[in-house]
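The lines below spell out each chain.
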Amino acid sequence: MLVLLAGIFVVHIATVIMLFVSTIANVWMVGSSNIGTISTGLWLLCNKTCTQLPVSSQDEASLKAVQAFMILSIIFSVVALVLFIIQLFTLEKGKRFYMTGAIMLVCWMCILIAVSIYTARFTGTMVYSTNPHHGYCFILAWICFSFSFIIGILYLVLRKK
């Protein structure tokens, strides 16, 4: 049981780190141009230097929603991690980690919403670029989506022994 708790804790920390990286780094979409490689993220457009991400007025609300939900997912994931540590020391034997699991599933839902909006609105539409494809931040976000769902379900099922 201790090994399972330690494993879940390590995966949860890895998920938090990957969420930070995928939200902060600007490699959600990558493409080529005559200047070199161009990458865009949630915040900036980068080639040799980074500039403000040019977004049309119809896509601005979608980008703000993606940014907000990714930040919310980080917040919920960190709150769930802190709550898990608190419950680990205060929860009575035989009780389940319901609150931690519920918060982690809210994090999962925020990641789902953010990445789904990004996929629907911004995939393949990269300014000044040919042959755009997804970057590692987009892939990390989907990995965090899977990990947060698995961790959330395990927290709901897991009992303190």
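Residues numbered from 1 in each chain as written. Predicted model: local features only at pLDDT ≥ 70, side-chain atom pairs only at ≥ 80, totals over all residues. Heavy atoms only, no water.

### Details of the UniProt feature "transmembrane region" (unreviewed entry) in the protein
Here comes step 1: Mapped onto this numbering, the UniProt entry gives "transmembrane region" (unreviewed entry) at residues 7–29, 65–85, 97–118 and 138–158.
Here comes step 2: In this annotation, residues 65–85 is assigned 100% helix and 0% strand; the end-to-end C-alpha distance for the span is 30 Å.
Here comes step 3: The straight-line gap between the two end C-alpha atoms of residues 97–118 is 32 Å; of that span, 95% is helix and 0% is strand. (UniProt positions renumbered as here; feature names shortened; annotations may be inferred. Helix = DSSP H or I, 4+ residues; strand = E, 2+ residues; numbered from the N terminus.)

### Some thoughts on the packing of helix H3 (residues 98–122) against helix H4 (residues 136–157)
Here comes step 1: Remark: H3 packs on H4, axes separated minimally by 8 Å, with the N-to-C direction vectors making an angle of 155°. Between H3 and H4, the crossing angle belongs to the class labelled roughly antiparallel. With respect to the hand of their crossing, H3 and H4 are arranged in left-handed fashion.
Here comes step 2: Of the residues in the contact of H3 with H4, the class split is 20 nonpolar, 6 polar and no charged. (Axes fitted to C-alpha atoms, helices over the stretch in contact; angles between N-to-C directions. Parallel < 35°, antiparallel > 145°, perpendicular 65-115°, else oblique. Left-handed = near helix turned anticlockwise from the far one by under 90°. Nonpolar A, V, L, I, M, F, W, Y, C, P; charged D, E, K, R; others polar.)

### Quick notes on the packing of helix H2 (residues 57–90) against H3
Here comes step 1: Put simply, H2 and H3 touch, their axes get as near as 8 Å, and they point 160° apart. When the interaxial angle is binned, H2 and H3 end up roughly antiparallel. Of the two possible hands of crossing, H2 and H3 adopt the one that is left-handed.

### Structural notes on the environment of Ile8
Here comes step 1: Relative to the helices and strands, Ile8 resides in helix H1 (residues 2–24).
Here comes step 2: Sequence-wise, Ile8 and Ile151 are 143 residues apart; in three dimensions their C-alpha atoms are separated by 6.7 Å.
Here comes step 3: Setting aside its immediate chain neighbours within four residues, Ile8 contacts Ile151, Leu154, Tyr155 and Leu158. (Contact = heavy atoms within 4.5 Å.)

### Some points on the side chain of Asn26
Here comes step 1: Relative to the helices and strands, Asn26 is located in the loop between H1 and strand S1 (29–32).
Here comes step 2: Classification of Asn26 as buried rests on a relative accessible area of 12%.
Here comes step 3: Separated by 3.2 Å, the side chain of Asn26 and the backbone nitrogen of Leu44 make a polar contact.
Here comes step 4: In contact with Asn26, other than residues within four places in its own chain, are Ser39, Thr40, Gly41, Leu42, Trp43, Leu44 and Cys46. (Buried < 20%, exposed > 50% of the residue type's maximum accessible area, 1.4 Å probe, protein only. Polar contact = N/O pair within 3.5 Å; in protein donor to acceptor, adjacent residues only side chain to side chain.)

### Observations regarding the packing of aromatic side chains
Ring pairs (aromatic) are described by centroid distance and by the angle formed between their planes.
Here comes step 1: Applying the stated criterion across every chain yields a total of 12 aromatic pairs.
Here comes step 2: Centre to centre, the rings of Trp28 and Phe138 are 6.0 Å apart; their planes meet at 70°, and the pair counts as edge-to-face. One end of the pair, Trp28, is in the loop between H1 and S1; the other, Phe138, is in helix H4, with 110 residues separating them in the sequence.
Here comes step 3: Since its relative accessible area comes to 7%, Phe138 is described here as buried.
Here comes step 4: Geometrically, the ring pair formed by Trp108 and Phe149 is tilted, given 4.9 Å between the ring centres and 45° between the ring planes. Of this pair, Trp108 sits in helix H3 while Phe149 sits in helix H4, and the two are 41 residues apart along the sequence.
Here comes step 5: Relative accessible area serves as the criterion here: at 18%, Trp108 is assigned to the buried category. (Phe/Tyr/Trp six-rings, centres within 6.5 Å; stacked < 30°, edge-to-face > 60°.)

### Comments concerning the state of the cysteines
Here comes step 1: All told, the structure shown has 1 disulfide when counted by the stated rule.
Here comes step 2: Covalently, Cys46 is tied to Cys50 through a disulfide, its sulfur atoms 2.1 Å apart. Note on the Cys46 and Cys50 pair: the S-S dihedral is about 110°, so by sign convention the disulfide is right-handed.
Here comes step 3: When its relative accessible area of 45% is taken as the criterion, Cys50 is described as partly exposed.
Here comes step 4: Cys107 forms no disulfide, and the closest cysteine sulfur to it belongs to Cys110, at a distance of 6.8 Å.
Here comes step 5: Classification of Cys110 as buried rests on a relative accessible area of 7%. (Disulfide = S-S within 2.5 Å.)

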